[in-house]
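# Residue-level structure breakdown
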Amino acid sequence: MKDPRVIVCAGGGGVGKTTTSAALSVALAARGYRTLIVTIDPARRLAGAMGVPITDVVTPVPLPAARGRLWALMPDPRRSMGTFLDFLFADEPEAKARMLTNNLYLGLADAAAGVHELVAMNLVARAATEGDFDVVVIDTAPSRHAIDFVTYPARLAALLGGRTVAWLAGLAQRSGGATATAPRGLLSWGTGHVEHLLARVTGPNLVRDTANLFADLALVRERFVALTRRASELLLGERVAYALVAAPTAAARDDVLFLAARLEKLGRRPRAIVLNRADTQAAPWVRALREGHGVAPSITEVLDVLEQERRTRATAADALAVELRSKLSWAAVVRLPYVEASAPEDIVAALSTELDAHLTALLPDAR
Ligand SMILES: Nc1ncnc2c1ncn2[C@@H]1O[C@H](COP(=O)(O)OP(=O)(O)OP(=O)(O)O)[C@@H](O)[C@H]1O
Ligand SMILES: [Mg+2]
């Protein structure tokens, strides 16, 4: 089966990543691509705009414009780890039960940065295998490090595929097996220097918890490594395109340049810069008021201020487009208008129509 194409949307806070991802997915589905939209950011706004629940299960998106070809995966960070473990330990229920009471696991699952992204990407890797999608669109969190998650699966696969796991798993056996409840053997005479050192630095329970965690992980290592490799291929392979989303503000420009530099470090380049809210039409009610008769001078003044603001924004967008075209000359710059609507689904619908004309900028072989 062919791998899907993947489009990762990243950018600064509030620039419209979620809206753009949603609009892009709708445009792709409308064109006939079987599309999966994934949000790593638990954006309830997106769930609202698309009428689907936050869930770890791939769910059809009932928008008529998507013509039955759009699905969404919006994992809940608090629950996705559990769903993932159910899959991973499908054949090892006892190891799973131990894992769920392992203090280190509990701490990691709650606190470690990137765990949610990693779990979400493994869910995507699974969905890509089972769901036969043409394109997967990924909406990321508003962070300058949002793009770094593309490297997590590869790093984890290397860690799990390497000798560390075997060593740590062996540690657990020496300390009394994966089911050990006390660090008996570990601190007794005859254990290795490293183990003593680890125990001194971190305390005996942490060593035991680490060892047990890895012993249980070792039981499902092949499954884990295979899935994690696949997630890594999806995110760093030939078939991924990165779209950086910006709005015409100085902060958004800095974020885009930062993310482009970050991608460059990974040996990747953005395929497109989406300049959102770049062009503003005068609102219909403004035109209607202007054309109306007997409008009070104070209202005309307000309208002038609005018009001035609109022009300032357009000028800023033009300047930013010029700057980005020169600094990131390999990326297509796609301009999206400011949509005069308040309901998110209306904004998504309007932008999906706009994006339809630009699909080739993001998918090299778009039909
Ligand atoms: N082109 C547009 N015209 C009008 N409103 C827009 C446009 N793009 C986005 N919006 C609105 O701006 C708000 C922020 O958009 P969105 O949630 O997509 O940004 P984001 O980058 O995903 O934010 P976050 O960084 O919080 O994840 C939303 O209310 C959305 O409906
Ligand atoms: Mg968002």
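Refer to the structure printed above.
Now for a look at the structure at hand. (Residues numbered from 1 in each chain as written. Chains lettered and ligands numbered in written order. Predicted model: local features only at pLDDT ≥ 70, side-chain atom pairs only at ≥ 80, totals over all residues. Heavy atoms only, no water.)

### Brief notes about the overall build of the chain
Convention followed: A run of H or I in DSSP counts as a helix once it spans at least four residues, and a run of E counts as a strand once it spans at least two, with each numbered from the N terminus. For every residue, the accessible area obtained with a 1.4 Å probe (protein chains only) is divided by the maximum for its type, and the residue is called buried under 20%, exposed over 50%, and partly exposed between those limits. Should any heavy atoms of two residues lie within 4.5 Å, those residues are considered in contact. Accessible areas in this description were obtained via Shrake-Rupley with a 1.4 Å probe; residue shielding takes into account the shown protein chains only.
On a plain count of helices and strands, the chain comes out with 17 helices and 8 strands. Residues counted as buried form 49% of the 367 residues belonging to the chain. Across the chain, the fraction of contacts at a sequence separation of at least 24, relative to all contacts at a separation of at least 6, is 76%. Accessible surface computed for the chain: about 17,300 Å², of which carbon and sulfur atoms make up 56%.

### Topic: helix H13 (residues 250-265)
This is how the line gets drawn: What a helix should span is 1.5 Å times the count of its residues minus one. The directions considered for the arc run from the helix axis to the C-beta atoms.
Taking 1.5 Å per residue as the helical rise, H13 with its 16 residues ought to reach 22 Å, and the 23 Å between its terminal C-alpha atoms agrees with that figure. Here H13 has its buried residues at Ala252, Asp255, Val256, Leu259, Ala260 and Leu263. Summarising the axial view, the buried residues of H13 lie within an arc of 135°, below the 170-degree limit, and thus occupy one face. Here the buried face of H13 lies against strand E1 (5-11), strand E6 (240-246), strand E7 (270-280) and helix H15 (297-327). Immediately downstream of H13, the backbone of Gly267 shows phi near 75°, a positive value.

### As for the packing of helix H3 (residues 77-88) against helix H6 (residues 115-131)
The condition that has to hold: Interaxial angles span 0 to 180 degrees and are taken between N-to-C directions of axes, which are lines fitted to C-alpha atoms, for helices over the stretch in contact. Oblique is the label for any angle not covered by the other classes, which are roughly parallel (under 35 degrees), roughly antiparallel (over 145) and roughly perpendicular (65 to 115). Note: crossing handedness is left-handed where the near helix turns anticlockwise from the far helix by less than a right angle, and right-handed where it turns clockwise.
Running from N to C, H3 and H6 point in directions that differ by 50°, and their axes come no closer than 9 Å. With respect to their mutual orientation, H3 and H6 come out oblique. In the packing of H3 onto H6, the handedness of the crossing is left-handed. For the pair formed by H3 and H6, the contact residues are Pro77, Ser80, Met81, Thr83, Phe84 and Phe87 on the first element and Val115, His116, Val119, Asn122, Leu123 and Arg126 on the second.

### Focus on the site of ligand 1
The condition is simple: Nearness here has a simple test: a residue counts as near a molecule or strand if at least one of its heavy atoms is within 4 Å of that partner. Here a polar contact is recorded for every N or O atom pair within 3.5 Å, except that within protein the pair must consist of a potential hydrogen donor and a potential acceptor, and residues adjacent in sequence are included only if both atoms are side-chain atoms. Only Asp, Glu, Lys and Arg are considered charged, only Ala, Val, Leu, Ile, Met, Phe, Trp, Tyr, Cys and Pro nonpolar, and every remaining residue, Gly among them, polar.
Neighbouring ligand 1 are 17 residues; Gly14, Lys17, Thr18, Thr19 and Arg277 lie closest to it. Contact between ligand 1 and Thr18: an oxygen atom at 2.7 Å from a side-chain N or O atom of the residue. Coverage of ligand 1 by the protein chains reaches 85% of its 630 Å² of free accessible surface. Sorting the residues of the shell around ligand 1 by element identifies helix H1 (17-30), E7, strand E8 (332-338) and helix H16 (344-356) as the ones contributing at least two each. Top contributing element to the shell around ligand 1 by residue count: H1, with 3 residues. Of the residues contributing to the shell around ligand 1, the split by class is 7 nonpolar, 6 polar and 4 charged.

### A few points about H3
In a regular helix each residue adds 1.5 Å, so 12 residues correspond to 16 Å; H3 covers 17 Å between its end C-alpha atoms and thus fits that length. Restricting attention to buried positions, one finds in H3 the residues Ser80, Met81, Phe84, Leu85, Phe87 and Leu88. Buried residues of H3, viewed axially, fall in a sector of 160°; they line one side. Away from the buried face of H3 by more than 90 degrees, exposed residues Arg78 and Arg79 are located.

### Details of the environment of Ala246
Within the secondary structure layout, Ala246 lies in strand E6. Put simply, Ala246 and Gly14 are 232 residues apart on the chain and 9.1 Å apart in space, counted from C-alpha to C-alpha. Apart from the residues lying within four places of it in its own chain, the contact partners of Ala246 are Val15, Ala252, Val256, Val274, Leu275 and Asn276.

### A short note on the packing of aromatic side chains
Quick note on the threshold: For Phe, Tyr and Trp, rings pair up if their centres lie within 6.5 Å, where Trp contributes its six-membered ring, and each pair is then called stacked (planes under 30 degrees apart), edge-to-face (over 60) or tilted (otherwise).
One pass over the structure, following the stated rule, counts 2 aromatic pairs. Here the aromatic rings of Trp71 and Phe133 are separated by 5.6 Å at their centres, their planes lie at 65°, and the arrangement is edge-to-face. One end of the pair, Trp71, is in strand E4 (residues 70-74); the other, Phe133, is in the loop between H6 and strand E5 (135-139), and 62 residues separate them in sequence. The class of Phe133 is buried, set by a relative accessible area of 5%. Geometrically, the ring pair formed by Phe84 and Phe224 is edge-to-face, given 5.6 Å between the ring centres and 65° between the ring planes. With Phe84 in helix H3 and Phe224 in helix H12 (residues 221-236), this pair connects stretches of sequence that are 140 residues apart. The exposure class assigned to Phe84 is buried, which follows from its relative accessible area of 3%.

### With respect to the nonpolar core
Operational definition: In these notes, a set of buried Ala, Val, Leu, Ile, Met, Phe, Trp, Tyr and Cys residues joined through side-chain atoms within 4.5 Å is what counts as a nonpolar core.
One finds Ile7, Val8, Leu24, Leu28, Met50 and Ile138 to be the most contacted residues of the largest nonpolar core, which totals 104 residues. For this core, the element with the most residues is H6, which contributes 9 residues.

### Some remarks on the pattern of salt bridges
Counted only if it meets this: Basic side-chain nitrogens of Lys or Arg form a salt bridge, by our definition, when they fall within 4 Å of a carboxyl oxygen of Asp or Glu.
Evaluated as defined, the whole model comprises 15 salt bridges. Arg311 is paired through a salt bridge with Glu307; the nearest N and O atoms lie 3.6 Å apart. With Arg311 and Glu307 both in helix H15, this residue pair falls 4 residues apart, about one helical turn. Lys327 is the partner of Glu323 in a salt bridge, and the nearest nitrogen-oxygen pair spans 2.7 Å. Here Glu323 pairs with Lys327, and both are found in helix H15, just 4 residues apart, close to one helical turn. Each of Arg253, Asp254, Glu323 and Lys327 takes part in salt bridges that share partners, so that together they form one network.

Function cannot be read off these values alone, since they describe shape.
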